[in-house]
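Single-letter residue listing:
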Amino acid sequence: MGRTIVVGDIHGCALEFDDLLRSVGFAQGVDRVVLVGDLVARGPDSAGVVELARSCGAWAVRGNHDEKVLSWWRHAQEHGKRSADRKVKLSERHRAVAQALTERQFGFLAALPLMISLPEHEMLVVHAGVDPSKAPSACDEETLLTVRSIDDEGKASRKLAGTPWAQRWKGPAQIVFGHDARRNLQLEDFATGLDTGCCYGRQLTALVLSEAEVIPRDRAARAKLLRQVAARQVWCPMGSGDGPE
Ligand SMILES: [Mn+2]
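Residues numbered from 1 in each chain as written. Predicted model: local features only at pLDDT ≥ 70, side-chain atom pairs only at ≥ 80, totals over all residues. Heavy atoms only, no water.

A.B. asks: Pulling in residues and values, what's your account of the overall build of the protein?
C.D. replies: Looking only at helices and strands, the protein features nine helices and 13 strands. Mean positive and mean negative side-chain charge positions of the protein (32 and 32 charges, respectively) differ by 3 Å. (Helix = DSSP H or I, 4+ residues; strand = E, 2+ residues; numbered from the N terminus. Lys, Arg positive; Asp, Glu negative; His and termini not counted. Charge placed at Lys NZ, Arg CZ, Asp CG, Glu CD.)

Listed below in structure tokens is the structure:
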């Protein structure tokens, strides 16, 4: 076994995903790639991202955008594509993704779990985060896919207003997540946010761990394990940030 390369939200940025794998010297069959979800939408080539993820044997958790197009596909599996087009409401960009993905690529997304535990690194990977008042395994799907903050009443919320959930999480596991491009890189005591907004023209970020290396709690030590590549261009304008990004 080689390194574990945890990659932030790719959002259809296939060129940058490839750039990042080259930049860290990804070795097929030796290194393990783990994606924090939201492989699709916003960027130019969602199918290319899923294909590259498949071909490099990547592990990944499901993101809210992956789930969105999967809701269309599940309906289409059962009732046909025409019915899915009528019954499952998708934005234009999600509809374009649903049309671009092959059955095999949908199958890859459909098999993604909501959480990946890597005990050798004392690490949990989820897309958005957890409700710090509960065990990660007790969190519902909505929270794992969309949480950003803890509001004034102490409730998990998808909004930016409030305290970042990652500041409230006190371990013991280190949680690596994405979903929150507005807040950019987050380095908290027990949480690392890797969504650095590649689709918005910023960077794609990876956390690169040696075999069985426990994620350092020290932020400076953790920062040294990060690798970034620049976006090739701005692929998508940034919205209000409170939406289901
Ligand atoms: Mn997301």
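A.B. asks: Kindly report on the sheet that holds strand β5 (residues 123-126), identifying the contributing residues and their values.
C.D. replies: Pairing is mixed across the open sheet formed by five strands, whose spatial order is β4-β5-β9-β11-β10. Of all strands in the sheet, those with a lone pairing partner are β4 (115-118) and β10 (186-188), marking the two edges. Along the sheet, successive strands turn relative to each other by an average axial angle of 15 degrees, direction set aside. Looking at chain direction, β4 and β5 are connected through four bridges and run antiparallel. Across the sheet, the residue bridging to I116 is V125, located in β5. (Pairing = 2+ DSSP bridges. Axes fitted to C-alpha atoms, helices over the stretch in contact; angles between N-to-C directions.)

A.B. asks: Tell me about the environment of R32, and name the residues and values.
C.D. replies: Take R32: it is sitting in strand β2 (residues 32-35). Since its relative accessible area comes to 9%, R32 is described here as buried. Residues R32 and W59, 27 residues apart in the sequence, show an inter-C-alpha distance of 7.7 Å. In this structure R32 touches M1, R3, T4, I5, W59, L118, E120 and H121, once residues within four positions along its chain are discounted. Here the side chain of R32 touches T4 through a polar contact of 3.1 Å, side chain to side chain. (Buried < 20%, exposed > 50% of the residue type's maximum accessible area, 1.4 Å probe, protein only. Contact = heavy atoms within 4.5 Å. Polar contact = N/O pair within 3.5 Å; in protein donor to acceptor, adjacent residues only side chain to side chain.)

A.B. asks: Pulling in residues and values, what's your account of the state of the cysteines?
C.D. replies: Scanning the model with the defined rule gives zero disulfides in all. Considering cysteine sulfurs only, C236 is the nearest to C199, which forms no disulfide, with 5.3 Å between them. Residue C199 is classed as buried on the basis of its relative accessible area of 3%. (Disulfide = S-S within 2.5 Å.)

A.B. asks: Can you lay out the packing of aromatic side chains for me, pointing to particular residues and giving the numbers?
C.D. replies: A complete count under the given rule lists three aromatic pairs for this structure. Residue placement shows R32 over the ring face of W59; its charged tip is 4.8 Å from the ring centre. (Phe/Tyr/Trp six-rings, centres within 6.5 Å; stacked < 30°, edge-to-face > 60°. Lys NZ or Arg CZ within 6 Å of the ring centre and 35° of its normal.)

A.B. asks: Please set out the pattern of salt bridges residue by residue, giving values where relevant.
C.D. replies: Per the stated rule, a full pass over the model turns up 16 salt bridges. One salt bridge in this structure joins R54 and E51, with 3.4 Å as the shortest N-O distance. Of this pair, R54 and E51 both sit in helix α2 (residues 46-55), separated by three residues, roughly a single helical turn. What makes E51 partly exposed here is its relative accessible area of 26%. Between R74 and E67 there is a salt bridge, and its shortest N-O distance comes to 2.9 Å. We classify R74 as partly exposed; its relative accessible area is 35%. When salt bridges with common partners are traced through the structure, they connect R62, E67, R74 and E141 into a single cluster. (Salt bridge = Lys/Arg side-chain N within 4 Å of Asp/Glu carboxyl O.)

A.B. asks: Give me the lowdown on the nonpolar core, citing residues and values where you can.
C.D. replies: Core analysis: the biggest nonpolar cluster contains 48 residues, and V7, F17, L35, L39, W72 and L109 have the highest contact counts within it. Broken down by secondary-structure element, the contributors of at least two residues to this core are β1 (4-7), α1 (14-23), β2, α2, α3 (64-79), α5 (92-100), α6 (103-110) and β12 (203-209). Counting residues in each nonpolar core, the second largest holds 17 residues, with L114, A128, L144 and W169 among its members. (Core = buried A, V, L, I, M, F, W, Y, C linked by side-chain atoms within 4.5 Å.)

A.B. asks: Explain the packing of α2 against α6 residue by residue, including any values.
C.D. replies: Direction vectors running N to C along α2 and α6 enclose 70 degrees, while the axes themselves pass 10 Å from each other. Overall, the two elements α2 and α6 adopt an arrangement that is roughly perpendicular. Considering the relative orientation of α2 and α6, their crossing is left-handed. Across the interface between the two elements, A47, V50, E51, A53 and R54 of α2 pack against R104, Q105, F108 and L109 of α6. The class makeup of the residues in the contact of α2 with α6 is five nonpolar, one polar and three charged. (Parallel < 35°, antiparallel > 145°, perpendicular 65-115°, else oblique. Left-handed = near helix turned anticlockwise from the far one by under 90°. Nonpolar A, V, L, I, M, F, W, Y, C, P; charged D, E, K, R; others polar.)

A.B. asks: Tell me about α3, and please be specific about residues and values.
C.D. replies: Its 16 residues place the ends of α3 23 Å apart at the C-alpha level, agreeing with the 22 Å of an ideal helix rising 1.5 Å per residue. Those residues of α3 that fall on the buried side of the exposure criterion are N64, H65, D66, E67, V69, L70, W72, W73, H75 and A76. In this structure, the buried side of α3 is in contact with α4 (81-87), α5, α6 and α7 (141-146). Just beyond α3, the residue with positive phi is G80, at close to 95 degrees. (Expected span 1.5 Å × (residues − 1).)

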